[in-house]
Amino acid sequence: MRLYVNIDHVATVRQARRTDEPDPVRAAVLVELGGADGITVHLREDRRHIQDRDVDLLMRTVRTGVNLELAAASEVLELAVKWRPMQATLVPESREEVTTEGGLALGSEESRRGLAAALQRLGGAGIRTSLFIDPDPDAIRASVDLGTDAIELHTGEYANTRGLERSTQLDRLRRAAALGRSLGVAVHAGHGLTYENVAPLAAVPEIEELNIGHSVVSRAVFVGLERAVREMADLLRRARPPAR
Ligand code: PXP
């Protein structure tokens with residue numbers, strides 16, 4: 001199980017004043033020291049948090065790997081091809097949303113064609129590809145048909161529910177992860193995961209990577225970033241001890 005920490009919200013604090021602190025590039029060093037397996041950033045078309053300069057510097061300083069989230073139809077695609085991060089995750093994007101609200105729309109021929117072209121462009125540049133999708137069988141099959149290396153299952157509905165409904169959503173994610181693996185793609189997951197809700201998901205054997213941002217950066221305000229990452233990494237390790 002790999003822990004990728006999304007540091008967008010370090011940049012959100014910086015952009016609140018449009019100054020040069022806190023610097024997400026410095027944050028990435030602490031995230032790596034805390035034991036994360038990689039750094040995730042979303043370069044949005046509206047540049048509301050992460051800036052081109054950040055990705056440019058992260059590409060030169062991150063020692064683990066950079067997972068760049070981007071919209072397929074944006075000019076960020078060409079930047080990704082230039083930067084060649086270890087992984088690129090295609091996500092839906094709209095200017096109105098506070099955060100990525102759902103998985104990619106795979107129902108229409110037009111959107112599938114756009115995603116296929118983006119996957120080809122990224123894969124051709126040697127970048128590992130992932131599609132952020134809802135944990136639904138149709139979306140998983142459509143993603144596999146498009147030729148992605150990995151899928152990232154949207155965990156928002158799991159995170160936003162409680163009690164019985166959360167168990168239902170966990171089962172849905174378990175089935176989705178098993179289906180993805182059986183069809184030959186790597187399975188990642190993320191969105192809305194916290195110290196409180198991550199363990200059951202981290203225990204799902206088919207999930208090999210979690211992307212977690214807001215909760216880790218929030219905790220970092222109180223305990224520091226390195227410790228916040230270490231605590232999350234420990235939770236993942238305890239949920240699924242390494243095979244002997
Ligand atoms: N995965 C994807 C594809 C995302 O877009 C985000 C949010 O930017 C995350 C994971 C992390 O979500 P959160 O910040 O809620 O942990």
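Residues numbered from 1 in each chain as written. Predicted model: local features only at pLDDT ≥ 70, side-chain atom pairs only at ≥ 80, totals over all residues. Heavy atoms only, no water.

Colleague: Mind showing me how you'd approach the sheet that holds strand S6 (residues 150-154) here?
Modeller: Strand pairing in a sheet relies on backbone hydrogen bonds. The paired strands run either parallel or antiparallel. Taken in spatial order, the eight strands of this closed barrel run S1-S2-S3-S4-S5-S6-S7-S8, and their pairing is parallel. With direction set aside, neighbouring strand axes in the sheet form an average angle of 25 degrees. The sheet contact formed by strand S3 (residues 66-70) and strand S4 (residues 87-90) spans four bridges and is parallel. Along S4, the bridge assignment pairs asparagine 67 with glutamine 87. Set on the sheet, helix H8 (residues 163-182) makes contact with S6, strand S7 (186-190) and strand S8 (207-212); between it and S6 the angle comes to about 175 degrees. (Pairing = 2+ DSSP bridges. Helix = DSSP H or I, 4+ residues; strand = E, 2+ residues; numbered from the N terminus. Axes fitted to C-alpha atoms, helices over the stretch in contact; angles between N-to-C directions. Contact = heavy atoms within 4.5 Å.)

Colleague: Where do I start with the pattern of salt bridges in this structure?
Modeller: Should their charged atoms come close, side chains of opposite charge can pair. What the rule picks out here adds up to 22 salt bridges. Two residues, arginine 47 and aspartate 52, come together in a salt bridge whose shortest N-O distance is 2.6 Å. Of the residues examined, arginine 47 reaches a relative accessible area of 17% and is grouped as buried. Overall, aspartate 52 belongs to the partly exposed group, its relative accessible area being 28%. The partner of glutamate 208 in a salt bridge is arginine 128, with the nearest N and O atoms 3.4 Å apart. Remark: arginine 128 occurs in strand S5 (residues 128-133) and glutamate 208 occurs in strand S8; sequence separation between them is 80 residues. Glutamate 208 gets classed as partly exposed once you look at its relative accessible area, which sits at 24%. One salt-bridge network, in which partners are shared between bridges, spans Arg2, Arg128, Glu208 and Glu209. (Salt bridge = Lys/Arg side-chain N within 4 Å of Asp/Glu carboxyl O. Buried < 20%, exposed > 50% of the residue type's maximum accessible area, 1.4 Å probe, protein only.)

Colleague: Even after reading the chapter, I still don't get the packing of helix H6 (residues 137-146) against H8, so can you show me in this structure?
Modeller: The geometry of a pair of packed helices is captured by two quantities: the angle between their axes and the separation between those axes. It is the contact of H6 with H8, at a shortest axis distance of 10 Å, that shows an interaxial angle of 25 degrees. As judged from the angle between their axes, H6 and H8 are roughly parallel. When you trace H6 past H8, the crossing you get is right-handed. Each of Pro137, Ile140 and Arg141 in H6 lies in contact with H8, whose residues at this interface are Ala176, Leu179 and Gly180. When grouped by side-chain class, the residues that make up the contact of H6 with H8 number four nonpolar, one polar and one charged. (Parallel < 35°, antiparallel > 145°, perpendicular 65-115°, else oblique. Left-handed = near helix turned anticlockwise from the far one by under 90°. Nonpolar A, V, L, I, M, F, W, Y, C, P; charged D, E, K, R; others polar.)

Colleague: Honestly, helix H1 (residues 8-17) in this entry has me stumped. Any pointers?
Modeller: Structural remark: α-helix, 3.6 residues per turn; residues separated by three or four positions point the same way. Taken together, the buried positions of H1 are Asp8, Val10, Ala11, Arg14 and Gln15. Seen end-on, H1 carries its buried residues on one side only, within an arc spanning 155 degrees. Those residues of H1 that are exposed and aimed more than 90 degrees away from the buried face are Ala16 and Arg17. As for H1, its buried residues are in contact with strand S1 (2-6), helix H2 (24-33), strand S2 (38-42), helix H3 (52-61) and helix H10 (214-223). Of the residues one or two after H1, arginine 18 is the one with positive phi, at around 50 degrees. (Arc of directions from axis to C-beta.)

Colleague: Sorry, what's going on with the layout of surface pockets here?
Modeller: Over the atoms a probe the size of a water molecule is rolled, and this reveals where empty space is left. Here the largest pocket defines a volume of roughly 450 Å³. Along the walls of the largest pocket sit 23 residues, with Asn6, His9, Thr99, His191 and His214 positioned nearest its centre. Put simply, the parts of the chain that give the lining of the largest pocket at least two residues each are H1, S8 and H10. Taken together, the residues of the lining of the largest pocket break down into five nonpolar, 14 polar and four charged. (1 Å grid on protein atoms, 1.4 Å probe; cavity = no way out; pocket = protein on both sides within 12 Å on 5 of 7 lines; lining within 4 Å. Points joined across faces, edges and corners; volume = space filled by probe spheres on them.)

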